[in-house]
Amino acid sequence: MIVNIFEGREGHIQQKGESPLPLACSNESLAGAVSQRACVYSGARVVLNPLTDALHLVHGPIGCASYTWDIRGSCTSGPRLYRSSFSTDMKELDVIFGGEKRLLGAIRELEERYRPPAIFVYSTCIVGVIGDDLQAVCKAASEELGVPVLPVQSEGFRGNKNEGYKAACNALFQLIGSKDYAPRSPYTINLLGEYNVAGDLWRVKPYFEEMGIEVLASLTGDGRVEDIRRAHLARLNLVQCSGSMTYLARKLEERYGTPHRRISFFGLQDMASALRTTAEFFAVPEMTARTEEIIQRELWRVEPQIDMIRQRVEGRRAAIYMGGAAKAVSLVRAFRELGVEVVIIGTQTGDRDDYRKIGIMVREGTVIIDDANPLELRELLQKQKADLLVAGVKERFLAYKLRIAFCDFNHDRTTEFEGFDGMVNFAREVDATINSPVWKLPLKRESPLTGREEMICGGEDVSEPCCG
Amino acid sequence: MSQSRAAVNPCAMCMPLGSVLVFRGIEGCMPLFHGSQGCSTYMRLYLAHHFREPVDIASSALSEKAAVYGGAANLKTGLKNVIRGYGPRAVGVSTTCLAETIGDDVERTIREFLQEEPDGRDIPIIPVSTPSYAHSHEEGYSAALLATVRALAQPSKQSCKLNLLVGSIVSPSDVRNLKRLLRDMSAEFILLPDISQTFDLPLTGDLPRVPAGGTPLEEIRDSANSRASITVGACARLPGAGEYLEEEFGVPHHALPLPIGLQFTDMLMARLEEVVGLPLPESYEQDRGRLLDAIVDAHKLLAHVKTAVYGDSEMVLGILKFMVELGMSPRVVATGTRSRAFATLAGEMAPQAAVLDAVDFSDIGREISARDVELMVGPFTGRQIAAAQNIPLLRVGFPNHDRFGASRQLLLGYQGAAGLVDAMANALLEHRERIPVKQQAPAPSPPGR
């Protein structure tokens, strides 16, 4: 095995071509191994938080709200309520006597103060232990206030992020179908798992509009409660971040008969095929022709820019460590477009199917890793001689300390990576970090005294300076 | 104090976070949270954003099963893996709200672990109880500092060392400067916790598993034998590590504020001279003179400027004191930590200000808008208020996620104060320059009309 640091992690790391066994992946992380994963609450929070006009109330001690305040990187074209963090700020007495009263009080107070179109109430670890009845409180509050108050069952310890995604989808599902609407276009879609990080959505949505399609709801990037409520009226659901939203897409298919397609807006090839997939679904000749025109026009526009950058980064070696598998898979294709070789690929929450798919896509010798930790990543980056790591903030400084280039593909990025222009931005960023002169700066200063001990005054004792 | 049931935009973090700042200031020490995986990941992220350093915090990764049947087995596995993977010299175990609520007996589990695992025997494991619902990160920090000396300090031979306990979160650069001061005073000293290197590692192309630096364990053991302790950042907090060393081992303790501004720094210098018995080196007198010079240079610009200062209680008290020295007019003085001592001290220093403890940014924002504040000084978390009310914000202290250089920010001592005067003055000037000309007072008529 290429790295072996912790007992019990053997099955989770594999080099393609080395072993035929399927990669192990499980919901529980190994204690003490410093997993990069977060918790159920975090999964729920990342999915719902981009809903800009909703009020997000965390039922728990203050920390859970502090660490998630305005960290998502999702942009808004209007409301800003989602950029505030609300907490019931549970104290010792609430833990002893229960926090239901406090929660109800907080919901009432916040509803009166902010008048939000919906309130999401997240449960945290201790709420699950002390047994507050979140559903009952939310139901009572909802009836009293006449506003949807949606419980999000996200006690941190009940699994990993995946469970949180489900909890979030369940809350969204409750909201969907509660509003009627007459669409402007006969061709309607929802975008699921599009979070508008750095404004991604705005690099994508105009193409659909150009195709004559109306995007009814974006779930949840730059989302509005009102849009979510009518999302059942769409004829097609496009699912981007499949890890977080496939569950909701299936539920919508079951309840409303809306079919879904898995797509990605990242990378030229993926972006083009997302548009084609959508046009194929509606199967209208004019739309199909229009779509091809758009794709040709955009490729003609951006390809020369990509080609220029490709020449500068071709042949370099990249490592990918992502939360979900969908982005990781898309990145493999995008790197192919740039001529960059993927030497490590891992995810926090990929499942068996994801890893099988990844295993087919990558080249021999690539390391595939599930639920990695800093020690393993560090060793792998060195052994696989990676020039670049694409990951999130926690991994950024690990790469930098090892003098490896880094590209943030998570909440912290400030430029859009989706759509045709997004790929140009991504390529530019890869180029900017990989080809930066900072990696070639000398680690050690050249000293005229090196190797010339006779020049050091006082012979052995280097603390005494020369004085004459 | 907040009348509200809900917290809106917190001005505090939770207890375990504070404990990491202490454990990471001990040489070779690895922090471990006994709780769900998310706590360690969230706080790693939070600290990485601030320090721009890799931050590893292990977790016992409690699952549903553990929540029902107890987390002892997970904690033991966690300890075993941390010791195997990281090869630490010590492990600091902080509890989380989950571990506390299910009632895990951490000390007993550690005793059992040490009996079962011979590998762990030479590695001190320091437990600290840090339930998030009890207090804020500031108390978590104090609790971990106390737990550390309680676990390690041992009386042996009397020494002439001085314990310098850093009682509140300061920057790595500030710790470096405190060490330089003690060296320049020719004092033999033990500084705890020492994050000067562990949260601000020089780039070498290599990354040790546990960052180099930190207070050596041997020194912490020896802290029971010192001739005196000084805690800086001990204005408003409850008795802690310094008091413990005094009561248990008779090491006289002096509680001082953080040396921010002129007079609080003078207090530290005077106390050092008294304990060490040597005068402050001339270069510091020069620094002091330069600080006075900087103060005089900026005094008219800063005169009567209405300010808001918020953040960790000890830092706020220091900056407040300095603002009063400068002739500024503090109007809002706030901390997210619940502390009566803070309220009393701040009220005495700035009788005309709204003094708030245990508040969130919703309260702070309301007070700021009601009091016509012209300059905000505190962590980046005030940025939404600053933007909404168009007030310049000088980012100071922890956390600072959206600007570079938090690790290098110097706040303490004469040099730190000089930097702070300049920064406050410049923040005001830059803000004034940004206001379009048409919004300013009408220009005098052109000549000849």
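It should be emphasised that the depicted structure is a prediction, and the values quoted were computed from it without experimental measurement. (Residues numbered from 1 in each chain as written. Chains lettered and ligands numbered in written order. Predicted model: local features only at pLDDT ≥ 70, side-chain atom pairs only at ≥ 80, totals over all residues. Heavy atoms only, no water.)

Participant: So what exactly am I meant to see when it comes to the overall build of chain A here?
Facilitator: The secondary structure content of chain A amounts to 17 helices and 14 strands. Its C-alpha atoms give chain A a radius of gyration of 25 Å, within 12% of the compact-globule value 23 Å for 468 residues. Seen through its C-alpha atoms, chain A measures out along the principal axes to roughly 90 × 65 × 50 Å. Residues classed as buried in chain A amount to 59% of the 468 residues present. Counting contacts in chain A only where the partners sit at least 6 residues apart, residues at least 24 apart contribute 72% of the total. As presented, chain A carries roughly 18600 Å² of accessible surface, and 50% of it is formed by carbon and sulfur atoms. On chain A, the mean spot of the 58 positive side-chain charges and the mean spot of the 64 negative ones are 2 Å from each other. (Helix = DSSP H or I, 4+ residues; strand = E, 2+ residues; numbered from the N terminus. Rg over C-alpha atoms; globule rule 2.2 N^0.38 Å. Buried < 20%, exposed > 50% of the residue type's maximum accessible area, 1.4 Å probe, protein only. Contact = heavy atoms within 4.5 Å. Areas by Shrake-Rupley, 256 points an atom, 1.4 Å probe, with all protein chains shown as cover. Lys, Arg positive; Asp, Glu negative; His and termini not counted. Charge placed at Lys NZ, Arg CZ, Asp CG, Glu CD.)

Participant: Where do I start with the environment of Glu-226 of chain A in this structure?
Facilitator: Residue and element names in this part refer to chain A. Tracing the chain through its elements places Glu-226 in helix H9 (residues 225–229). For Glu-226, a relative accessible area of 39% gives the class partly exposed. C-alpha separation for the pair Glu-226 and Pro-22, spaced 204 residues apart in sequence, amounts to 44 Å.

Participant: What am I meant to see in the nonpolar core here?
Facilitator: Judged by nonpolar contacts, the single largest core of 143 residues is most densely connected at Phe-120, Leu-172, Met-245 and Leu-248 of chain A together with Ile-319 and Met-424 of chain B. With nine residues, the single largest contributor to this core is helix H17 (residues 413–434) of chain B. The contact partners of Phe-120 of chain A, leaving out residues within four places of it in the chain, are Leu-48, Leu-51, Ala-54, Leu-55, His-56, Leu-57, Leu-150, Val-152, Ala-171, Leu-172 and Leu-175 of chain A. One finds Phe-282, Ala-318, Ala-328 and Leu-388 of chain A within the second-largest nonpolar core, a separate group that totals 63 residues. (Core = buried A, V, L, I, M, F, W, Y, C linked by side-chain atoms within 4.5 Å.)

Participant: So what exactly am I meant to see when it comes to the sheet that holds strand S2 (residues 55–59) of chain A here?
Facilitator: Sheet strands line up and pair through hydrogen bonds in the backbone, either parallel or antiparallel. The five strands are arranged S5(A)-S4(A)-S2(A)-S3(A)-S1(B) in an open sheet whose pairing can be described as mixed. Each end of this open sheet is capped by a strand with a single partner; those strands are strand S5 (149–152) of chain A together with strand S1 (7–8) of chain B. When strand S3 (residues 86–87) of chain A meets S1 of chain B, the two strands line up antiparallel, connected through two bridges. From the neighbouring strand, Ser-87 of chain A faces S1 of chain B, where its bridge partner is Ala-7 of chain B. Sitting on the sheet, helix H6 (residues 134–145) of chain A touches S2, strand S4 (119–123) and S5 of chain A, and the angle it makes with S5 of chain A is about 170°. (Pairing = 2+ DSSP bridges. Axes fitted to C-alpha atoms, helices over the stretch in contact; angles between N-to-C directions.)

Participant: In this structure, what is going on with the layout of surface pockets? I would like to understand it.
Facilitator: Gaps left between atoms are located by rolling a probe of water-molecule size over the structure's atoms. One number sums up the size of the largest pocket: a volume of about 1200 Å³. Elements with a contribution of two residues or more to the lining of the largest pocket: helix H16 (393–401) and strand S14 (405–408) of chain A together with helix H2 (37–51) of chain B. In terms of residues, the lining of the largest pocket owes the most to one element, H16 of chain A, which gives five residues. Of the residues in the lining of the largest pocket, the class split is 18 nonpolar, eleven polar and 17 charged. The computed volume of the second largest pocket comes to approximately 560 Å³. For the second largest pocket, the lining is made up of 24 residues, of which Asn-162, Ser-242, Gly-243, Asp-351 and Asp-354 of chain A are closest to its centre. Of all the secondary structure elements, the ones that give two or more residues to the lining of the second largest pocket are helix H7 (161–175), helix H10 (242–256) and helix H14 (352–361) of chain A. Among the elements that line the lining of the second largest pocket, the one with the most residues is H10 of chain A, at six residues. Taken together, the residues of the lining of the second largest pocket break down into four nonpolar, eleven polar and nine charged. (1 Å grid on protein atoms, 1.4 Å probe; cavity = no way out; pocket = protein on both sides within 12 Å on 5 of 7 lines; lining within 4 Å. Points joined across faces, edges and corners; volume = space filled by probe spheres on them. Nonpolar A, V, L, I, M, F, W, Y, C, P; charged D, E, K, R; others polar.)

Participant: In this structure, what is going on with the interface of chain A and chain B? I would like to understand it.
Facilitator: Interface size is commonly expressed as the accessible surface area that is lost when the partners come together. In this assembly, 68 residues from chain A lie in contact with 65 residues from chain B. Both faces considered, chain A and chain B share a buried interface measuring about 5800 Å² in area, 61% of it formed by carbon and sulfur atoms. Of all residues in chain A, Tyr-67, Trp-69 and Lys-401 of chain A give up the largest surface area on contact with chain B, accounting jointly for 15% of the area buried on that side. Note that Lys-401 of chain A and Glu-53 of chain B form a salt bridge whose closest N and O atoms lie 3.0 Å from each other. Counting every contact that joins chain A to chain B gives 25 residue pairs in polar contact (both at pLDDT 80 or more). Only helix H1 (40–48), helix H2 (62–66), S3, helix H3 (92–97), helix H4 (100–114), helix H5 (125–130), helix H15 (374–383) and H16 of chain A provide two or more residues apiece to the side of chain A that touches chain B. Residue contributions to the side of chain A that touches chain B peak at eight residues, all from H4 of chain A. Looking at the side of chain A that touches chain B residue by residue, the classes come out as 33 nonpolar, 15 polar and 20 charged. (Buried area = accessible area lost by both parts, 1.4 Å probe. Salt bridge = Lys/Arg side-chain N within 4 Å of Asp/Glu carboxyl O. Polar contact = N/O pair within 3.5 Å; in protein donor to acceptor, adjacent residues only side chain to side chain.)

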